[in-house]
Amino acid sequence: MSRTVMADIGSSPLPLLFRRRSSGEIRNLATVSSSILPAFGTVVDDGYSHLNKYVIVPYDQRYRNVIWCRWWQTFLVVLVLYSAWASVFELAFNKTARGPLLIVDMVVDVFFAIDIVLTFFVAYLDKSTYLLVDDHKKIALRYVTRVWFFMDIASTLPYQFIFRIFTGTWHDGEVFGFLNLLRLWRLWRVSEFFKRLEKDTRFSYFWTRLLKLLGVIVFAVHSAGCFYYWLARHHKTPANTWIGTAVEDFKHRSVWLCYTYSIYWSIVTLTTVGYGDLHAVNTGEKIFNMIYMLFNIGLTAYTIGNMTNLVVHAAVRTFAMRDSLNELLRYASKNRLPEGLREQMMAHMQLKFKTAELQQEEVLQDLPKAIRSSIAQHLFRRTVEKSYLFNGVSEDLVSQLVSDMKAEYFPPKVEIILQNEIPTDFYILVSGAVDLLTYKNGTEQFLSKLGAADMAGEIGVIFNIPQPFTVRTKRLSQVVRISHHHFKQMIQPQGEDGKIIIANFMKYLQGLKEDVLQEIPFLTELLADQNQKPTEQNEEQQNRETLESQDANPEGRTGTSSLPGESTIRVIIHGHHPSDGTSSDRLGKLVYLPDSLQDLFNLAEKKFGKRGSTILMADGSKVEELNVLRENDHLFVV
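A brief report on the enclosed structure follows. Keep in mind that what you see is a predicted model, and the values were worked out from it rather than measured.

**A closer look at the overall build of the protein**
Here is step 1: Scanning the protein for helices and strands turns up 26 helices and 14 strands.
Here is step 2: With 638 residues in all, the protein has 43% of them scored as buried.
Here is step 3: When contacts within the protein are restricted to residue pairs at least 6 apart in sequence, those whose partners lie at least 24 apart make up 66%.
Here is step 4: For the protein, the computed accessible surface area is about 35700 Å², with 59% contributed by carbon and sulfur atoms.

As structure tokens, this is what we get:
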């Protein structure tokens, strides 16, 4: 097809951005980059069924999916490569008169003639109205009034054969050799072909670019060698030429021998080796040599520049990694960081570069949120569903959690969570293993090991307390994390799911080892209160009438018997005055807020062994009503 049509399809960005009509369905999402897009506000129609008959729409998937349309341009590129080689070769060695080359040339010209005919049936995009034009007269008028039409015709006509038809004889003149050079016009197809290959992700960009550079060099070598031989063949004194000094009577020698000498000279000159065995003798050859060497300067710069870009592009990540590691080493040395911390920094930075291709954060950020969520659902949904905390929750909550999670890698022997740090995130292990550690009196103690689908850091997040444990990786581990803030935002409107999560959490706490529970003092008391539930439920059944009459303030719901799911407010109570900071219970007791002040006094008496009469806040203000209290308030019963 003509160059204007090819330009409409791939070269100009405008047709890809604007259009008043477009196909209703894109069957292959991978080819969307080669489809024209509807303009904003336009109604997408049902396809191209409304177009005139015998019109080819290059943007329609139906035409791009058939064999002839998919491979026609590639087949023509192969013919162009032959034409480019043959046109220069035939001129230099005077092989245009008769023989096998003439037959091959005519067959090639027939295919390009077919392509010219097909161009009259290809719809085009009007750049002034951005409408797809399918009128045959307008298509033909547009094509024949462009210079491309005349160049296509001129490069396709078999001049030698036409002369034979009108005169009845073959002509051996040079004029037909120069007319055949018009076939070099077809080289634009090769350029368009490589542009498409470079954008096609199925092919390696490095090898595509390298093949293009090699093709340019080979064609330059071939053309220069042939023209240089043409100068020698037309010199009035054959012996006074560059090839005549080395090969006597070269005009009567084998064509391939002379072609070998020509290519040898061209390659030696291009590479600036200059052996001196073949050199310019007469003035015309010296002028041609000067022009060729000036051209070689530009070609060499073009080749070296492209090869440098390809090599540097392949190694740019390595350079960035080495620079980052060197910066880390300088920072660690300047600040005299300990060796263990320095090794952790180096390991984390190396792992970051190794896993960059897996995470592709920069690429994913450019995708719509729906696609990013779908990717996260595919990768991590099963892991989240297997974790104990979300066992039995609704599908909607799981989808929301997975969509907001971030994936990370941690190298071996690196801390994910530090003991006593502020809880900001909790983690679910996708793969690998971690250790739960605690520090007592400056010594490190091992508590337990976590594996795939286990959680770390959730105790600090749910109780809103400093992290009770240090979490350290045993080997290369992949985790997904969710922030404290996002987790609470998603749980608050989900009442039923919140109860399930609390129930799962309490069940998990009951199964913890004794040495783990000892690291969180209030857990033992909380679990003891939870175990009192059956007894108090019996008391509630015996006093059912009392419970029904006091539905707003159930008698059986005291601070010591409330379940985590029955009260939404937790407070920390102390058995001393706010100004007394030396008491042994200054850390307080985390309890669920009961229904009345009297119940709170009873609870404090049970916890501290003494009866109070006044409840104060940290600032010394007296508490008169419980409904003014908030989550994690500190209460002082005196």
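**Some words on the pairing of strand β6 (residues 434-440)**
Here is step 1: Counting buried residues along β6, five of its seven residues qualify, which places the element largely inside the surrounding structure.
Here is step 2: The sheet contact formed by β6 and strand β7 (residues 443-450) spans seven bridges and is antiparallel. Pairing of D435 across the sheet is with K449, part of β7.
Here is step 3: In this structure, the hairpin formed by β6 and β7 is closed by a connection of two residues, where N441 is found at a positive phi of approximately 55°.
Here is step 4: One ladder, built from four bridges, connects β6 with strand β9 (residues 470-473); its direction is antiparallel. Within β9, the residue paired with D435 across the bridge is R472.

**Structural notes on the packing of helix α11 (residues 205-233) against helix α13 (residues 283-334)**
Here is step 1: Two numbers describe how α11 lies on α13: the axes approach to 11 Å, and their chain directions differ by 175°. Considering the angle they form, α11 stands roughly antiparallel to α13.
Here is step 2: For the contact of α11 with α13, the per-class residue count stands at 20 nonpolar, four polar and three charged.

**What about the sheet that holds strand β12 (residues 589-592)?**
Through backbone hydrogen bonds, the strands of a sheet pair up, either in parallel or in antiparallel fashion.
Here is step 1: Pairing is mixed across the open sheet formed by four strands, whose spatial order is β12-β11-β14-β13. Two strands bound the open sheet, and with one partner strand each, they are β12 and β13 (615-616).
Here is step 2: The pairing of β13 with strand β14 (residues 634-637) spans two bridges and is antiparallel. If you follow L616 over to β14, its bridge partner there is F636.
Here is step 3: Sheet strands in contact with helix α26 (residues 597-608) are β11 (570-574), β12, β13 and β14, and its direction is about 55° off that of β11.

**Focus: the side chain of T241**
Here is step 1: Mapped onto the secondary structure, T241 falls in the loop between α11 and α12 (255-270).
Here is step 2: Separated by 2.6 Å, the side chain of T241 and the backbone oxygen of P238 make a polar contact.
Here is step 3: A distance of 3.0 Å separates a polar atom in the side chain of T241 from the backbone nitrogen of G244.
Here is step 4: Leaving out residues up to four positions away in the same chain, T241 has contacts with A232, H235, F250, V281, N282 and E285.

**Topic: the nonpolar core**
Here is step 1: If you look at the biggest cluster of nonpolar residues, it comprises 51 residues, and the most contacted ones within it are L389, F390, F463 and F487.
Here is step 2: Setting aside anything within four residues of it in sequence, one finds F487 in contact with L389, F390, L401, F426, V461 and I482.
Here is step 3: With 27 residues, the next largest nonpolar core counts A92, V221, W242 and C258 among its residues.

**Things to note about the sheet that holds β7**
Here is step 1: What the four strands build is an open sheet, ordered β4-β9-β6-β7; its pairing is antiparallel. Each edge of the open sheet carries a strand with a single partner, namely β4 (415-417) and β7. Across this sheet, the average inter-strand angle for adjacent strands is 35°, counted without regard to direction.

**A few points about the environment of E192**
Here is step 1: By the secondary structure assignment, E192 is in helix α10 (residues 188-199).
Here is step 2: Measuring from C-alpha to C-alpha, the distance between E192 and V77 comes to 9.5 Å, with 115 residues separating the pair along the chain.

**As for the packing of aromatic side chains**
Here is step 1: For the structure on display, the rule yields 31 aromatic pairs.
Here is step 2: Measuring from ring centre to ring centre gives 5.7 Å for F193 and F194, while their planes differ by 75°; the resulting arrangement is edge-to-face. F194 matches F193 in its accessibility class, with the two residues each being buried.
Here is step 3: A network of ring pairs unites the aromatic residues Y82, W85, F89, F93, Y229, F250, W256 and Y259 as a single cluster.
Here is step 4: The ring of F112 is capped by R186, whose NZ or CZ atom sits 4.0 Å from the centre of that ring.

**A closer look at the pattern of salt bridges**
One side chain can pair with another of opposite charge once the charged atoms of both are near each other.
Here is step 1: One pass over the structure, following the stated rule, counts 16 salt bridges.
Here is step 2: One salt bridge in this structure joins R189 and D115, with 2.6 Å as the shortest N-O distance. Taken as a pair, R189 in helix α10 and D115 in helix α5 (residues 100-119) lie far apart in primary sequence, 74 residues in all. Note on accessibility: R189 and D115 belong to one class, buried.
Here is step 3: A salt bridge links E198 to R209; the shortest N-O distance between them is 2.9 Å. Pair noted here: E198 is in helix α10 and R209 is in helix α11, with a separation of eleven residues, a long-range link.

**Topic: the environment of C226**
Here is step 1: With respect to the helices and strands, the residue C226 is situated in helix α11.
Here is step 2: C226 sits 135 residues away from L91 along the chain, and the two C-alpha atoms are 8.0 Å apart.
Here is step 3: Leave out the neighbours within four places in its chain, and C226 touches V88, F89, A92, F93 and Y259.

**Regarding α26**
Here is step 1: Given a rise of 1.5 Å per residue, twelve residues ought to cover 16 Å, and the 16 Å separating the end C-alpha atoms of α26 matches this to within 8%.
Here is step 2: G609 lies just past α26 and shows a positive phi near 75°.

**Comments concerning a nonpolar patch on the surface**
Here is step 1: On the surface, Y54, V117 and F121 cluster together into a nonpolar patch covering about 340 Å² of accessible area.
Here is step 2: Given a relative accessible area of 32%, F121 falls into the partly exposed group.

**Some remarks on unusual backbone geometry**
Here is step 1: Although it is not a glycine, R336 adopts a positive phi angle of roughly 55°.
Here is step 2: For R336, the position within the fold is in the loop between α13 and α14 (339-354).
Here is step 3: Located in the positive-phi region is A453, a residue other than glycine, with phi close to 75°.
Here is step 4: Secondary-structure assignment places A453 in the loop between β7 and β8 (455-456).

**Side note on the packing of helix α17 (residues 369-386) against helix α18 (residues 395-404)**
Here is step 1: Where α17 meets α18, the closest approach of the two axes is 8 Å, and the angle between their N-to-C directions is 115°. For the pair α17 and α18, the sense of crossing is right-handed. Together, S373, A376, Q377, F380, R381, V384 and E385 of α17 and E395, V398, S399, V402 and S403 of α18 make up the contact between the two elements.
Here is step 2: In terms of residue class, the contact of α17 with α18 is made up of five nonpolar, four polar and three charged.

**A short note on helix α20 (residues 484-491)**
Here is step 1: Turning to α20, its buried residues number three or more, namely H484, F487, M490 and I491. For α20, the angular spread of the buried residues around the axis is 135°, confining them to a single face.
Here is step 2: Residues of α20 that are buried sit in contact with α18, β5 (425-431), α19 (458-463), β10 (477-483) and α21 (495-510).

What counts, and where the lines are drawn
- Residues numbered from 1 in each chain as written.
- Predicted model: local features only at pLDDT ≥ 70, side-chain atom pairs only at ≥ 80, totals over all residues.
- Heavy atoms only, no water.
- Helix = DSSP H or I, 4+ residues; strand = E, 2+ residues; numbered from the N terminus.
- Buried < 20%, exposed > 50% of the residue type's maximum accessible area, 1.4 Å probe, protein only.
- Contact = heavy atoms within 4.5 Å.
- Areas by Shrake-Rupley, 256 points an atom, 1.4 Å probe, with all protein chains shown as cover.
- Pairing = 2+ DSSP bridges.
- Axes fitted to C-alpha atoms, helices over the stretch in contact; angles between N-to-C directions.
- Parallel < 35°, antiparallel > 145°, perpendicular 65-115°, else oblique.
- Nonpolar A, V, L, I, M, F, W, Y, C, P; charged D, E, K, R; others polar.
- Polar contact = N/O pair within 3.5 Å; in protein donor to acceptor, adjacent residues only side chain to side chain.
- Core = buried A, V, L, I, M, F, W, Y, C linked by side-chain atoms within 4.5 Å.
- Phe/Tyr/Trp six-rings, centres within 6.5 Å; stacked < 30°, edge-to-face > 60°.
- Lys NZ or Arg CZ within 6 Å of the ring centre and 35° of its normal.
- Salt bridge = Lys/Arg side-chain N within 4 Å of Asp/Glu carboxyl O.
- Expected span 1.5 Å × (residues − 1).
- Patch = residues over 30% accessible without salt bridge, like charges linked within 9 Å, V, L, I, M, F, W, Y side chains within 5 Å.
- Left-handed = near helix turned anticlockwise from the far one by under 90°.
- Arc of directions from axis to C-beta.

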